[in-house]
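# Summary of structural features
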Protein chains: 2
Amino acid sequence: MSNNLPLPQGTMIGILGGGQLGRMLALAAARLGMRTHIFCPDPQSPAFEVTPHKTIAAYDDDSALATFADTIDIVTYEFENVPAATAEFLAARKPLHPAADALAISQDRLAEKSFLAARNIAVAPYRAVETLDQLRQGLADLGTPAVLKTTRLGYDGKGQRLIKSLNDAADAFATLTPKPLVLEAFVPFDKEISVVVARNVQGQVKTFDAAENLHKNHILHTSTVPANISPTLEKHAGMAAKAIVIALNYVGVLGVEFFVVPGQDRPNLIVNEIAPRVHNSGHWTEAVCLTDQFEQHIRAILGWPLGDPTRLADVVMQNLIGDESLALEELLAAGSQPHLYGKTAPRPGRKMGHFNRIVPK
Amino acid sequence: MSNNLPLPQGTMIGILGGGQLGRMLALAAARLGMRTHIFCPDPQSPAFEVTPHKTIAAYDDDSALATFADTIDIVTYEFENVPAATAEFLAARKPLHPAADALAISQDRLAEKSFLAARNIAVAPYRAVETLDQLRQGLADLGTPAVLKTTRLGYDGKGQRLIKSLNDAADAFATLTPKPLVLEAFVPFDKEISVVVARNVQGQVKTFDAAENLHKNHILHTSTVPANISPTLEKHAGMAAKAIVIALNYVGVLGVEFFVVPGQDRPNLIVNEIAPRVHNSGHWTEAVCLTDQFEQHIRAILGWPLGDPTRLADVVMQNLIGDESLALEELLAAGSQPHLYGKTAPRPGRKMGHFNRIVPK
């Protein structure tokens, strides 16, 4: 395959998932002269509005997947919960980036933590929990408060319970089982930062600057760049992100969330989680980088040289959740770049769009 | 209509013309959560790859136009040669921006020059030419060399002849008639610059910085920003561009090409031509402006507040003509932002893409 790299204009890129990330990937692919085919079970998928090629089908519909595979040259995805069987089915037919093993690791909090810890990348202390006794032992080891999480399919604060004392253990366990669980020590972090990193088919690696993230109701509210951290910490975050994609032999863009935690001499970083896809906290790159995270992902999977992630200005990205997207006048004030996802119904908690503002120096 | 402004997300924007400009308008509209329907006679239109809504039909197909009009909320276009009858047919059914009178003026070099001259905006001396005698008289008035042009449908150097001496007159006239003609004095200009200006439905006006343009084989080769001109001249160019859109009661983005000509004390500007659409010499805005010319056009026609045209860096835009687009490795060198149009055949002289490079300060 490497003889045919970089893939030419007109390459048909299959994208699993038709939400805003799939939509923004398709728009980036179009800017590079590529075509896209979106596969998503939801007939109202926002990404269906930016390409003429779509398949509405379930992710376990092998017949639809086989037809989809026939129409595309390579395949990628917008979300980390692509079923393993779907990934394997497609990977047997066309190049899949990022590869199925990256999915497998990021889909399982326990596998992810083991993977990172084995590579000396710091994570919060944790214990696997299959029984209530294990949970009690874990709480004895890690102390309280601690957080009990399902190992799979958690996002935006879903699938987790804060355990403040040993008395809460049974209730939390009952709520979240029978799913496999992991207990994590509660980390009193100063702030959350994230780094978006890319690695292409040939192994070239580039990072964007770190963003400092604020959440509201467990959903990302703002990402501010530069993050208010020391140059040393910023450098360490970038190095950790690079180490992760190299260790995974990863192809595409990957988001790494870190907690900045107080240390003896200076703050330290621990990895909160990794996401094998373009990342909400990287949307600021659209406004102030010559190559944004979406184009970087497309370049990476096409085997193109990675683009220049240099940041031209300081920036704040803010998500528009639910009916916040209706306040157009404010968004459109001078100095803001809105990106709206074309979703029809502004349900509470739904990500409707975002906007970037330049911060004057 | 003004009560309903700004138009909401999900507005269906009809676009006449499916070339790269229509494609880039559709991509910009998608970033604002809008939908687009492309109308173009060419089944291979590049813009058809970035939306599921298309009509393949001739511009004089009233039945297709009527069906198209039924599906859209507003209509715009990517090229100034939209037939007047098409524009009128659609404008009777849905809001058309820019309006038909702007089309009429920019489609006719003679009408355009009269319009500009009547508003004290300098143009090259010119004469209408209907007969060979008028041409000879014009040459006597304006001197040689002079340029004889068809009043309509000329672009990229087509439809014009340089007349070096009175002896060339009959031959040039015979080549270009029976079309209506205009004779223009040859202007020994120092350079060409251009300004992209926008005016929205409510009358708000904003300009982008002036670009300095170089041509190769009568096709735009590079646009460099900032242009190497005095701040006074840059200011005058912006003022002239604003005066034009205000005089036209124009809605949308408009490109104005100027020649910088030697004057007694300092250089002067004369308008070469205006284009009632997004402009090739404005493609640099994609890389270094929070709002690029495509988004600015969409904002303008939707009745949204215009975006911030502030330039974040110095930039050079270069067109990729014909098989230049095949040299991917060079384009993708660090520090360049490519935009490829997804055209299948790199014919000589065909605009296949462009790329923007940041110029280090």
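- Within an unreviewed UniProt entry, the label attached to chain A reads N5-carboxyaminoimidazole ribonucleotide synthase, and the organism entered is Devosia algicola.
- In the Subunit (unreviewed entry) part of its UniProt record, chain A is described as follows: "Homodimer."
- The UniProt entry for chain A carries the following text under Sequence similarities (unreviewed entry): "Belongs to the PurK/PurT family."

## Considerations on the overall build of chain A
- In terms of regular secondary structure, chain A is built from eleven helices and 17 strands.
- Computed over the C-alpha atoms, the radius of gyration of chain A is 20 Å, within 12% of the 21 Å expected from 2.2 N^0.38 for a compact globule of 361 residues.
- Each principal axis of the C-alpha distribution contributes one length, and for chain A these read about 60 × 55 × 40 Å.
- Taking all 361 residues of chain A together, the buried fraction comes to 58%.

## What about the sheet that holds strand 5 (residues 126–129) of chain B?
Residue and element names in this part refer to chain B.
- Spatially, 5-8-6-7 is the arrangement adopted by the four strands of the open sheet, whose pairing is antiparallel. Each edge of the sheet is formed by a strand with only one pairing partner; in this case those strands are strand 5 and strand 7 (160–163). Across the sheet, the mean angle separating the axes of adjacent strands is 20 degrees when strand polarity is ignored.
- As defined by bridge partners, strand 6 (residues 146–150) adjoins strand 8 (residues 181–185) across five bridges and the pair is classed as antiparallel. Each bridged residue has a counterpart across the sheet, and for Thr150 the counterpart in strand 8 is Leu181.
- Docked against the sheet, helix 5 (residues 109–118) engages strand 5, strand 6, strand 7 and strand 8, running at close to 145 degrees with respect to strand 5.
- Contacts from helix 6 (residues 132–142) reach strand 5, strand 6, strand 7 and strand 8, with the element oriented near 175 degrees to strand 5.

## Let's talk about the packing of aromatic side chains
- Within the structure shown, the criterion is met by ten aromatic pairs over all chains.
- With centroids separated by 5.4 Å and ring planes inclined at 40 degrees, the aromatic side chains of A:Tyr59 and A:Phe79 adopt a geometry described as tilted. Here A:Tyr59 is found in the loop between strand 3 (53–56) and helix 2 (62–71), whereas its partner A:Phe79 is found in the loop between strand 4 (74–77) and helix 3 (84–91), with 20 residues between them in sequence.
- Taken together, the ring pairs in this structure connect A:Phe39, A:Tyr59, A:Phe68 and A:Phe79 into an aromatic cluster.
- Against the face of B:Phe89 rests B:Arg93, its NZ or CZ located 3.6 Å from the ring centre.

## Side note on the packing of helix 1 (residues 20–31) of chain B against helix 10 (residues 293–302) of chain B
All names here are of chain B.
- Contact geometry for helix 1 and helix 10: axes closest at 8 Å, N-to-C directions at 70 degrees. Here helix 1 lies roughly perpendicular to helix 10, going by the angle between them. Along this stretch, helix 1 crosses helix 10, giving a crossing that reads as right-handed. On the side of helix 1, the interface is formed by Leu21, Met24, Leu25, Ala28, Ala29 and Arg31, while helix 10 contributes Phe294, Glu295, His297 and Ile298.

## Side note on the relation of the copies chain A and chain B
- When chain A is fitted to chain B, the best match, at an RMSD of 0.0 Å, comes from turning it 180 degrees and sliding it 0.0 Å along the axis. Such values leave the two copies arranged in the relation of a two-fold axis.
- Here 100% of the interface residues in chain A have copies in chain B that are interface residues too; the copies meet face to matching face.

## Thoughts on the interface of chain A and chain B
- On the side of chain B, 43 residues touch chain A, which itself brings 43 residues to the contact.
- Carbon and sulfur atoms supply 59% of the area buried between chain A and chain B, which totals about 3,600 Å² over both sides.
- Run the count over chain A and chain B and you get zero salt bridges.
- Between the two partners, chain A and chain B, sit 14 residue pairs in polar contact (both at pLDDT 80 or more).
- Secondary structure elements with two or more residues in the side of chain A that touches chain B: helix 1 (20–31), helix 9 (285–288), helix 10 (293–302), helix 11 (328–331) and strand 16 (336–340) of chain A.

## Details of the side chain of B:Lys149
Residues and elements named next belong to chain B.
- Locating Lys149 in the fold gives a position in strand 6.
- A polar side-chain atom of Lys149 sits 3.0 Å from a polar atom in the side chain of Glu184.
- Residue contacts for Lys149: discarding those within four places in its chain leaves Arg109, Gly159, Gln160, Leu176, Pro180, Leu181, Val182, Glu184 and Asn272.

## Thoughts on the domain arrangement of chain A
Residue and element names in this part refer to chain A.
- Each domain of chain A was delimited in the assignment, giving domain 1 (2–96), domain 2 (125–185) and domain 3 (191–359).
- Each of domain 1 and domain 3 has a C-alpha centre, and the two are 22 Å apart.
- On the domain 3 side, the residues contacting the 23 residues of domain 1 number 25 residues.
- For the pairing of domain 1 and domain 3, the buried interface totals around 2,200 Å² over both sides, and the portion due to carbon and sulfur atoms is 70%.
- Among the residues of domain 1 in contact with domain 3, Gln20, Met24 and Leu32 are the three that bury the most area, contributing 26% of the side total.
- Across the domain 1-domain 3 interface, the total number found is two salt bridges.
- Measuring nitrogen to oxygen at the nearest pair gives 2.6 Å for the salt bridge that ties Glu80 to Arg277.
- Put simply, domain 1 and domain 3 have seven residue pairs in polar contact (both at pLDDT 80 or more) between them.

Each value, and the rule that gives it
- Residues numbered from 1 in each chain as written.
- Chains lettered and ligands numbered in written order.
- Predicted model: local features only at pLDDT ≥ 70, side-chain atom pairs only at ≥ 80, totals over all residues.
- Heavy atoms only, no water.
- UniProt positions renumbered as here; feature names shortened; annotations may be inferred.
- Helix = DSSP H or I, 4+ residues; strand = E, 2+ residues; numbered from the N terminus.
- Rg over C-alpha atoms; globule rule 2.2 N^0.38 Å.
- Buried < 20%, exposed > 50% of the residue type's maximum accessible area, 1.4 Å probe, protein only.
- Pairing = 2+ DSSP bridges.
- Axes fitted to C-alpha atoms, helices over the stretch in contact; angles between N-to-C directions.
- Contact = heavy atoms within 4.5 Å.
- Phe/Tyr/Trp six-rings, centres within 6.5 Å; stacked < 30°, edge-to-face > 60°.
- Lys NZ or Arg CZ within 6 Å of the ring centre and 35° of its normal.
- Parallel < 35°, antiparallel > 145°, perpendicular 65-115°, else oblique.
- Left-handed = near helix turned anticlockwise from the far one by under 90°.
- Least-squares fit on C-alpha atoms with pLDDT ≥ 70 in both.
- Buried area = accessible area lost by both parts, 1.4 Å probe.
- Salt bridge = Lys/Arg side-chain N within 4 Å of Asp/Glu carboxyl O.
- Polar contact = N/O pair within 3.5 Å; in protein donor to acceptor, adjacent residues only side chain to side chain.
- Domains from an automatic or database assignment.

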